[in-house]
Amino acid sequence: MDMCTAEATASLLQVEENFSACLARIDALILKPLLQAEPSDQKGKENFKLLLLLNDRFQALWNLTEENYRILKQKCSTSESFCIQDIYIVWKGDLFLSLYIQYFVTFANYVVVHGFEHATKSKSEAWKHHKTVLKQFLTDFTSETSMSLALYTVLHKPIRDHIEQYILLLTKLKEVLKEGTEKDVVTTAIKEYVKLESFISQVLDEACFTKSLWKSLGYKFTDMLCVPERRLLEDSKNLPISASTNRSDRILLFDDVLVLIQGNSFQSFDLKLVWLDENCREKSAPGMYVLRIITPEETFFLSAKDPQMKAVWQWKLNQAVRQALNGKRDFPLWGKTGEGTEPPSCRFFTYVFRLEGKFKSASYEGEWRWGKPHGKGTLKWRDGRNHVGDFKEGLEHGFGICLVPRRSEDRYDCYKCHWYEGKMRGYGICEYGNDMVYKGYFKDNVRQGFGILENLSAEHPFKYTGQWENDKKNGYGVWEDKDRGERYIGTWLDDHKHGQGIVVTQSGVCYQRTFHADKMVGSGILLLEDDSVYEGNFTEDLTFVGKGKLSFANGFILEGTFTNKSGQGLQTHGILNTSNEQLDDRITKAQLGLEEFPVEKRWKGIYDQFLEFIHSGCKEETEESFTGFHIQTSKELRKSQEYLFCQRGTEDVSWKIEDILEELVQHQGLESLQSYLEKALKSSLHPLGKLLKALMIAFQATYSGIGANRHLLTMAQEEVKYYAKKIWEFYQGLLHLALEQKGQLPAKCVDGDTSDQKACSVVLPLILPCFYPELFMLYMLYHEREDDLYCQGIVDLSLFPDIKLLEFLDVQKHLWPLKDLTLTTNQRRSLIKDKCFLSATECLQKLITTVDPREKLVILQKTYEEIESTVSRVVEKDYKLPMDDLLPLLMYVVSRAKIQHLGAEIHLIRDLMDPTNEGGLYDFLLTALESCYEHIQRMRLHQRENCQVPHSS
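Residues numbered from 1 in each chain as written. Predicted model: local features only at pLDDT ≥ 70, side-chain atom pairs only at ≥ 80, totals over all residues. Heavy atoms only, no water.

## Considering the nonpolar core
When a protein is soluble and globular, its nonpolar side chains tend to lie buried together. Trp603, Ile606, Ile727, Ile767, Phe771 and Leu775 are the most contacted members of the largest nonpolar core, which totals 78 residues. Element by element, the count of residues in this core is highest for helix α20 (residues 713-741), at 16 residues. Contacts of Ile727, omitting those with residues within four sequence positions, involve Leu681, Leu688, Leu691, Leu692, Leu695, Val763 and Ile767. Leu13, Phe19, Leu64 and Ile163 belong to the second largest nonpolar core, which has 74 residues in total. (Core = buried A, V, L, I, M, F, W, Y, C linked by side-chain atoms within 4.5 Å. Buried < 20%, exposed > 50% of the residue type's maximum accessible area, 1.4 Å probe, protein only. Helix = DSSP H or I, 4+ residues; strand = E, 2+ residues; numbered from the N terminus. Contact = heavy atoms within 4.5 Å.)

What follows is the structure in structure tokens.
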């Protein structure tokens, strides 16, 4: 093998020596004279730059040849053994190929722009003396041969011949090598040099084809279309094909653009944004074979009379588009016609829209599919508008951020929203340039459905939470005017308060009136802070006018006509009734809004979104537009110039809609269902969790802060119950959908009562903690007077030692746990406090540690059991307490537990407990606790003559 390699090395040395000498002569006799003078005209200067680049490529090729020749010659003189690595054209093949490719591409560029013709003209006198020089290179050179052709030949033929010698040399080496790795390497190298030969031939053919085109076209087209790197791939004059009727006289396919020429004008289409549909179903004239060409703004057809012509154009177009997208030509130029020849339908590119339409003059950078923006992208208009987000078939579709400049000021409206077929639809956030922010739902580019509008400016801060229609406040909503310290709860029409409304003020005053276009009309009810109630007409500043009835807190009633003259104060002409001792609770604790705002008509916009989502089959593409953004922080939303991917947060649980529906089917048992619902309702990513979050926002907007008014308690309480009912309904809707998708029949619909019971027993305890702070505050305010009386009674009872209190409460002596009164030195049994029934007292005190009515009732039952257990221990046998014994003992435990706001606790449990508990043990114990509470309020200690209250020393 060494012998074979040695012969090949010797042959390579001889070939390289001859080639190096040839290159030296070309450099000295051809290139240097050409480079001696730089032309003065613009065209000549441009061509001269190309000649300089060609010279650089030539020098790089020559230097590589010289360097490797020297290394090999030195090895030949110092070593007698050779290996395949010494044949550098094999193991340095990639480097050789790249330099040859660069040289011939630059050479072809020079040919295309008629470089040799311009060079010989500018140096015509000097070149007359060099014809003899050219004869040294060209055996067939004659005096008739043009100088430009001679130069063309000199600068490419010797180099091509040299590549052929490489192939011959390597072929001989391959023939004598044995089968193995080295023979495979040489075979691969031969293939690459053969490809290079083919590449050079194709490059020169394309260059001559393109050069001929520029020569035949008029100056106007040449000046605009001719660039050195551009190559003509096909011409309809050469291979006939025509565009759509009256569209063009000539079609030119270049390696970067498709050009349609008609008369004195032309259209060019960037190949990166050209899609070829060979399967179009467009009806064509008989005997015509059609290709559909799709571009961002135009679609047209190419028709050929021959299927073979259509096939050639189709193949060349596909190849050209694919290579343009790759950013480089194939090697060789026209690859195989087999796999991978079709360009991808999805691409990434920048384009400026020209034609009329919503995108006119806008620049789009992003993903495309079949001639339309499709995927992620950015649109920018000249007027400053821009849209970043998802596109589908040429329209905004999916999540997007749109910036719209305000005309009068240097600010933007920023829409962060879901889009559907080019219009805002679904959940979105708009940060207006005037410091207002809208968070809610859109439809057809306007605010529609549930939404919150908040003015964050210092001048007129306000917040509206409620229903929208056609971009205006319409339906039920809550408006908070932070300047006036007022909250309006009621109906709206076209951005105005219209219909029934309740106004709650920061001072505690509230009233209910009818509104017409923001103005109060008719009579209303005004509930004052001191428990006085006025029924009649009054002004916006709450001044009584006209006929009315004023009921005072002490029971007096003034009925007549009220006037308010300037400087004279309030005057009335009427009758004062002083016969009532106390004002009726039905008036002082009047509950507003119950008839005017039926609970099922409040927050309809929230429920509608969920119904729509379920009715759509919970499709994944509608999920985010319904549930809102999956964002961890508000800062992420403010990255308006960047793509905003909706992150799923840090939750471990996957809440993809298909997983949700799958899990629903698996958790239908009561315990499993409760566990699943608890997890789902805590997640802002689960549809039910999202519904709960929206309802919390609505509830807080109504009843927190200024809205904490006792006259709204029943409204709030029935609202929470209704939330539980709706969440259960939506759970049922999701479950039915999941079962249907699995081909299973949903369970038979249960009657309304059973459904309400399920909502109350399963859902209400799970959601109550979310509403408890606001709801319990309303209960505290409603029962404030009774709780104050109860607290005074508790304070009085707390002064009693245990024995005295048991005696005072008429607890039978045989039930007294005297054994629990352990005495210390100098201590009398009669003075010991807080020792009797201690376990029951501590148990009852846990009532305030939970918000769940079920758990509160369990605590009450355990308290009863602790009392019974203590009594059984005292009497040394099982003892079931009759009601007569239970009440005094329970009152003792209540007085020692000292629970604040016990009235609020009792009534919350009563209102929200499971209806199935009515009439049972829980109901009995709650009634007993209520009796103790009322008795402590009514208690008058001074009426007990046989009781003395000791004074502490």
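Now that the structure is up, let's keep going.
## With respect to the sheet that holds strand β1 (residues 232-235)
Overall, antiparallel pairing links the four strands, which are arranged β1-β3-β4-β5 in an open sheet. The two strands at the open ends of the sheet, each matched to only one other strand, are β1 and β5 (265-270). Pairwise comparison of adjacent strand axes, ignoring direction, gives a mean angle of 20 degrees for this sheet. Those strands touched by helix α10 (residues 181-216) are β1 and β3 (250-254), and its axis lies near 60 degrees from that of β1. Together, β1, β3 and β4 (257-262) form the strand contacts of helix α12 (residues 307-326), whose direction differs from that of β3 by roughly 40 degrees. (Pairing = 2+ DSSP bridges. Axes fitted to C-alpha atoms, helices over the stretch in contact; angles between N-to-C directions.)

## Structural notes on the confidence of the model for the protein chain
Close reading of the predicted structure is inappropriate where its pLDDT is low. Taken residue by residue, the protein chain gives an average pLDDT of 83. The fraction at 70 or more is 86%. Confidence over residues 629-652 falls short of pLDDT 50; this stretch has 57 contacts with residues more than four positions distant or in other chains. For residues 940-953, every residue scores under 50 in pLDDT, and the model assigns this stretch eleven contacts once sequence neighbours within four places are set aside. (pLDDT = per-residue confidence, 0-100.)

## Some remarks on the pairing of strand β24 (residues 533-538)
For strand β23 (residues 519-527) and β24, the ladder comprises four bridges, and the chain directions are antiparallel. Residue pairing across strands places Gly524 opposite Gly536, the latter belonging to β24. The loop that links β23 with its antiparallel partner β24 comprises five residues; one of these, Asp531, has a positive phi angle of about 75 degrees. Both β24 and strand β25 (residues 544-551) contribute to a ladder of five bridges, which runs antiparallel. Across the sheet, Glu535 pairs through a bridge with Lys549, a residue of β25. As consecutive antiparallel partners, β24 and β25 are separated by five residues, and within that stretch Leu542 has a phi angle of approximately 65 degrees, a positive value.

## Overview of unusual backbone geometry
Most of the time, phi is negative for any residue but glycine, and the peptide bond is trans. One non-glycine residue, Asn470, lies in positive phi territory at about 50 degrees. Counting through the fold element by element, Asn470 comes out in the loop between β18 (462-469) and β19 (472-481). Note on Asn470: relative accessible area 56%, which makes it exposed. Unusually for a residue other than glycine, Asp518 sits at a positive phi of about 80 degrees. Among the secondary structure elements, Asp518 is positioned in the loop between β22 (510-516) and β23.

## Points about the packing of aromatic side chains
According to the stated counting rule, one finds 52 aromatic pairs in the structure shown. With centroids separated by 6.2 Å and ring planes inclined at 20 degrees, the aromatic side chains of Tyr103 and Phe107 adopt a geometry described as stacked. Of this pair, Tyr103 and Phe107 both sit in helix α4 (residues 93-112), four residues apart, which is roughly one turn of the helix. For the pair Tyr103 and Phe107, one class covers both residues: buried. With 5.4 Å between their ring centres and 90 degrees between their planes, Tyr488 and Trp492 make a pair best called edge-to-face. The same class applies to Tyr488 as to Trp492, namely buried. Sitting above the plane of the Trp275 ring, Arg347 keeps its charged end 4.1 Å from the centroid. For the cation-ring pair, Arg425 lies above Tyr420, with the distance from its terminal atom to the ring centre recorded as 4.3 Å. (Phe/Tyr/Trp six-rings, centres within 6.5 Å; stacked < 30°, edge-to-face > 60°. Lys NZ or Arg CZ within 6 Å of the ring centre and 35° of its normal.)

## With respect to the pattern of salt bridges
Side chains that carry opposite charge are capable of pairing whenever their charged atoms lie near each other. Applying the stated criterion across every chain yields a total of 43 salt bridges. The salt bridge partner of Lys316 is Glu234, with a shortest N-O separation of 2.9 Å. Note that Lys316 is positioned in helix α12 and Glu234 in strand β1, a separation of 82 residues in sequence. The exposure class assigned to Lys316 is buried, which follows from its relative accessible area of 16%. Linking Glu612 and Arg425 is a salt bridge whose minimum nitrogen-to-oxygen distance equals 3.8 Å. With Glu612 in helix α14 (residues 604-615) and Arg425 in strand β15 (residues 423-431), this residue pair connects regions lying 187 residues apart in the sequence. If you follow the salt bridges from partner to partner, you end up with Glu206, Asp255 and Arg329 in one network. (Salt bridge = Lys/Arg side-chain N within 4 Å of Asp/Glu carboxyl O.)

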